[in-house]
Amino acid sequence: MDKPYVSVVIPAYNEEGNLNNLMNRLLPVMRGTGKSFEIVFTDDGSRDGSLRILRQMAESIPEVKVIEFNGNFGQHMAILAAFEKTSGDIIITLDADLQNPPEEIPKLVAEVEKGHDVVGTIRMKRQDTVFRKVASRIVNITTNKMTGMQMSDYGCMLRAYSRGIIDNINHCQETTTFIPALAQTFSSNPTEIEVAHAERSEGESKYSLYKLIRLNFDLMTGFSVVPLQLFALMGIMTSLAAVAFAVFLMVRRFLIGAEVEGVFTLFAILFFFIGIVIFGIGLVGEYVGRIYQEVRRRPRYVVRRLHGFEK
Ligand code: UDP
Ligand code: MG
């Protein structure tokens, strides 16, 4: 088969209820563009019937290719593995749960054709829980502040990239990463457009609260050392405040006499600082942990088999 013009990348983890609907909407859209394309799925160690459905698609639909992971390595690793196998000039990422309407793809392609190397998206009328929306807003604002990047919506995975960006990403060997932020660091001419967003059509979100926190820690610590610097700054301010407090206690001792009843106030203050210290150790640990992961140089993911690549 000739080199495709557009590569669509879709990670799937236990998505058996969505895959057929997804293809029923995605294929007409892609065929409608009149351009050549490929659809690269990564099965991220699904334990339901997803892999069986995907393998059937790889056999019956010429454009479909499937990477079968050896276990669950996470959405971002699944996308990275697929990136390495794509050959299109324009690469689109998409979720398998139909939260990102495939009908928006031609808009994204048009933006790349205008010369933008990264096309981000903003979810209009986002269909998620209030908790997720509020959390996302906080993450978006702090990430932009810390990394100096400008993106309105880091979470939306319906995005388009030029071949050059993907080549750069393929050269990175980080074990934990956040793809939209990584792409943004390589981009020289990014843009953002608004896209529709739907509720998850079948199944449940694959992100537990714990996984979400982990992912956002990757985003925060993976792209900036500002948290460490802020923390050092906080340490200095704390010491200064403590010195001021000691001076105050001394002056008070001369003027009024030794203070005894305030002991519990001191305890309260102490616990506050102990909390900060524990948080700081955890934060440093987060960076050390990342360094540890990198130096082990373990494979980031393990591909068990490829389906539909030799056509
Ligand atoms: N996903 C994956 N591996 C995981 C978790 C999720 O490949 O460990 C895929 C999932 O199948 C979906 C996409 O990543 O296609 C987004 O996941 P989900 O819809 O659960 O996330 P949410 O929309 O709740 O942020
Ligand atoms: Mg989803």
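Look a little higher up for the structure.
Note that the coordinates shown come from a computational prediction; the quantities given were computed from them, not determined experimentally. (Residues numbered from 1 in each chain as written. Chains lettered and ligands numbered in written order. Predicted model: local features only at pLDDT ≥ 70, side-chain atom pairs only at ≥ 80, totals over all residues. Heavy atoms only, no water.)

A. Main features of the site of ligand 1. Neighbouring ligand 1 are 18 residues, the closest being Glu-15, Asp-44, Asp-97, Ser-205 and Lys-206. At 3.4 Å from a nitrogen atom of ligand 1 is found a main-chain nitrogen or oxygen belonging to Gln-75. Between an oxygen atom of ligand 1 and a side-chain N or O atom of Lys-211, the distance comes to 3.0 Å. Considered on its own, ligand 1 offers 530 Å² of accessible surface; in the complex 95% of this is hidden by protein. (Near = heavy atom within 4 Å. Polar contact = N/O pair within 3.5 Å; in protein donor to acceptor, adjacent residues only side chain to side chain. Areas by Shrake-Rupley, 256 points an atom, 1.4 Å probe, with all protein chains shown as cover.)

B. The arrangement of the packing of aromatic side chains in detail. Within the structure shown, the criterion is met by 6 aromatic pairs. Both rings, one in Phe-69 and one in Phe-73, keep their centres 5.4 Å apart while their planes meet at 90°; by these two values the pair is edge-to-face. Owing to a relative accessible area of 29%, Phe-73 belongs among the partly exposed residues under this scheme. Ring centres of Phe-69 and Tyr-301 lie 5.1 Å apart, and the angle between their planes is 20°; this geometry places the pair in the stacked category. (Phe/Tyr/Trp six-rings, centres within 6.5 Å; stacked < 30°, edge-to-face > 60°. Buried < 20%, exposed > 50% of the residue type's maximum accessible area, 1.4 Å probe, protein only.)

C. Layout of the sheet that holds strand β7 (residues 190–195). Strand order across the open sheet formed by 8 strands is β7-β5-β6-β4-β1-β2-β3-β8, with mixed pairing between neighbours. Because the sheet does not close on itself, it has two edges, and the strands there are β7 and β8 (303–307). Averaged over all pairs of adjacent strands, the angle between strand axes in this sheet comes to 20°, irrespective of strand direction. Here strand β5 (residues 118–123) pairs with β7 via 6 bridges, running parallel. Paired with Val-118 across the two strands is Pro-190, which belongs to β7. Each of β4 (90–93), β5 and β6 (159–162) is contacted by helix α6 (residues 163–171), which is oriented at about 90° to β6, the strand it contacts most. (Pairing = 2+ DSSP bridges. Helix = DSSP H or I, 4+ residues; strand = E, 2+ residues; numbered from the N terminus. Axes fitted to C-alpha atoms, helices over the stretch in contact; angles between N-to-C directions. Contact = heavy atoms within 4.5 Å.)

D. Here's a closer look at the nonpolar core. In this structure, Ile-39 and Phe-41 are the most contacted members of the largest nonpolar core, which totals 35 residues. For this core, the elements supplying multiple residues, two or more each, are β1 (6–12), α1 (16–32), β2 (37–43), α2 (50–60), β3 (64–69), β4, α4 (105–113) and β7. The biggest single contributor to this core is α1, with 6 residues. Setting aside chain neighbours within four positions, we find Ile-39 in contact with Val-8, Ile-10, Met-23, Leu-26, Leu-27, Glu-63, Val-64 and Lys-65. (Core = buried A, V, L, I, M, F, W, Y, C linked by side-chain atoms within 4.5 Å.)

E. Broad picture of the environment of Gly-203. Structurally, Gly-203 can be placed in the loop between β7 and α8 (209–222). By relative accessible area, which is 60% here, Gly-203 ends up exposed. A C-alpha to C-alpha distance of 7.0 Å links Gly-203 and Glu-15, two positions 188 residues apart in sequence.

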